[in-house]
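# Coordinate analysis (summary)
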Amino acid sequence: HQRMKIAELPLDFQQLLEPVLEIYSAQCAEKNISFRVEKSLEDMPAVLGDSKRITQIIVNLLSNAVKFTPEGGAVTLCVLRQQIRANRLYVRISVSDTGIGMSEELQQRLFKPFEQESANTFQKYGGSGLGLSIAHNLVKLMNGEISATSILHKGTTFNVDLPLALSVTPMAAAPASRH
């Protein structure tokens, strides 16, 4: 089984988020859900990462949130830079919704493919939650962590912590020969 390769290319979060935000502000407006975005990306050091995969994680979590949030609800996306550890900048991406929430039991099985609360939920909302297991696999591939907290009928928050490689500028690079 060939592992998916994760690209390590210069990553611009502002740029990565723009198309995503456009799509989801439109989707939320259509469904009368308020869509909030919180970012703390100022003075973010240059990092390397796989913008395609990170976009995929955010899109999977957002489309899930929008799907399970009723009209009048809210979906919030936060992208926050956190600490630098061992030459990696940690970025936390969280997606919260005021949707239907999940039982304890479902939270235990959450990231396994094709899990969903009940046939009834399946009928009502469609989809199998496959997006979550994909997001989970991508996060794991990037050595990140993903977790969810949820209260039934109140809403759910997904937190993704990704360690991104710091991009070393050529000038500051260490000499090539080390003995």
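Residues numbered from 1 in each chain as written. Predicted model: local features only at pLDDT ≥ 70, side-chain atom pairs only at ≥ 80, totals over all residues. Heavy atoms only, no water.

### Observations regarding the environment of Leu166
Inclusion rule: Numbering goes from the N terminus for both helices and strands, where a helix is a DSSP run of H or I of at least four residues and a strand is a run of E of at least two. Note on contacts: a residue pair is in contact if any heavy atoms of the two residues lie within 4.5 Å.
Following the sequence through the fold, Leu166 ends up in strand β7 (residues 155-166). Taking the C-alpha atoms as reference, Leu166 lies 6.1 Å from Ala46; in sequence the two are 120 residues apart. The residues contacting Leu166, other than those within four sequence positions of it, are Pro45, Ala46, Val47, Leu48, Ile84, Asn87, Arg88 and Leu89.

### Describing the layout of surface pockets
What counts is decided by this rule: Throughout, the protein atoms alone are placed on a 1 Å grid, and a set of points is a cavity if a 1.4 Å probe fits but cannot get out or a pocket if it is open with protein on both sides within 12 Å along at least five of seven lines; lining residues have an atom within 4 Å of a point. Grid points are joined across faces, edges and corners, and a volume is the space filled by probe spheres set on the points. For this scheme, ten residues count as nonpolar: Ala, Val, Leu, Ile, Met, Phe, Trp, Tyr, Cys and Pro. Four count as charged, namely Asp, Glu, Lys and Arg, and the remainder, Gly too, count as polar.
In this structure, the second largest pocket encloses a volume near 230 Å³. Along its surface, the second largest pocket is lined by 15 residues, and Ile6, Glu8, Leu141, Met142 and Asn143 are the ones closest to its centre. Elements supplying a minimum of two residues to the lining of the second largest pocket: β3 (47-49) and β7. Its residues assigned to classes, the lining of the second largest pocket shows eight nonpolar, two polar and five charged.

### A look at helix α2 (residues 51-68)
This is how the line gets drawn: How far a helix is expected to stretch is found by multiplying one less than its residue total by 1.5 Å. Burial status follows relative accessibility: with a 1.4 Å probe on protein chains alone, a residue under 20% of its type maximum counts as buried, one over 50% as exposed, and anything between as partly exposed.
Along its 18 residues, α2 runs 26 Å from first to last C-alpha, staying within 8% of the 26 Å computed at 1.5 Å per residue. Regarding α2, the residues found buried are Arg53, Ile54, Ile57, Ile58, Asn60, Leu61, Leu62, Asn64, Ala65, Val66 and Phe68.

### Observations concerning helix α1 (residues 13-31)
Threshold: Two axes enter the bend calculation: one fitted to the seven residues ending at the residue in question, the other to the seven starting there, and the bend is the angle between them. Pairing of N or O atoms within 3.5 Å defines a polar contact, subject to two protein rules: one partner must be a possible hydrogen donor and the other a possible acceptor, and residues neighboring in sequence count only if both atoms are side-chain atoms.
Look at α1: 26 Å from first C-alpha to last across 19 residues, which is about the 27 Å you get at 1.5 Å a residue. If you look at α1, its biggest bend is around 25 degrees, right at Pro19. Turning to α1, its buried residues are Phe13, Leu16, Leu17, Val20, Leu21, Tyr24 and Cys28. In the core, the buried residues of α1 are packed alongside β1 (9-11), β2 (34-40), α2, β4 (74-85), β5 (88-97) and β7. The N-terminus of α1 is capped by Asp12, whose side-chain oxygen sits 2.9 Å from the backbone nitrogen of Gln14.

### Some remarks on the pattern of salt bridges
Just so we agree on the cut-off: The term salt bridge refers to a side-chain nitrogen of Lys or Arg lying within 4 Å of a carboxyl oxygen of Asp or Glu.
Tallying each qualifying case throughout the model produces four salt bridges. A salt bridge links Glu8 to Arg88; its shortest N-O distance comes to 3.7 Å. Taken together, the residues span a long stretch of sequence, with Glu8 in the segment before β1 and Arg88 in strand β5 at a distance of 80 residues. Classification of Glu8 by relative accessible area gives partly exposed; the value is 43%. Relative accessible area serves as the criterion here: at 30%, Arg88 is assigned to the partly exposed category. In this structure, Lys140 engages Glu145 in a salt bridge whose closest nitrogen and oxygen atoms are separated by 3.9 Å. Judged by its relative accessible area of 38%, Lys140 falls in the partly exposed class.

### Quick notes on unusual backbone geometry
Unusually for a residue other than glycine, Asn87 sits at a positive phi of about 65 degrees. The residue Asn87 is located in the loop between β4 and β5 in this model. The phi dihedral of Asn143 is positive, around 60 degrees, even though this residue is not glycine. Here Asn143 lies in the loop between α5 (130-141) and β6 (145-151). A relative accessible area of 61% means that Asn143 is categorised as exposed.

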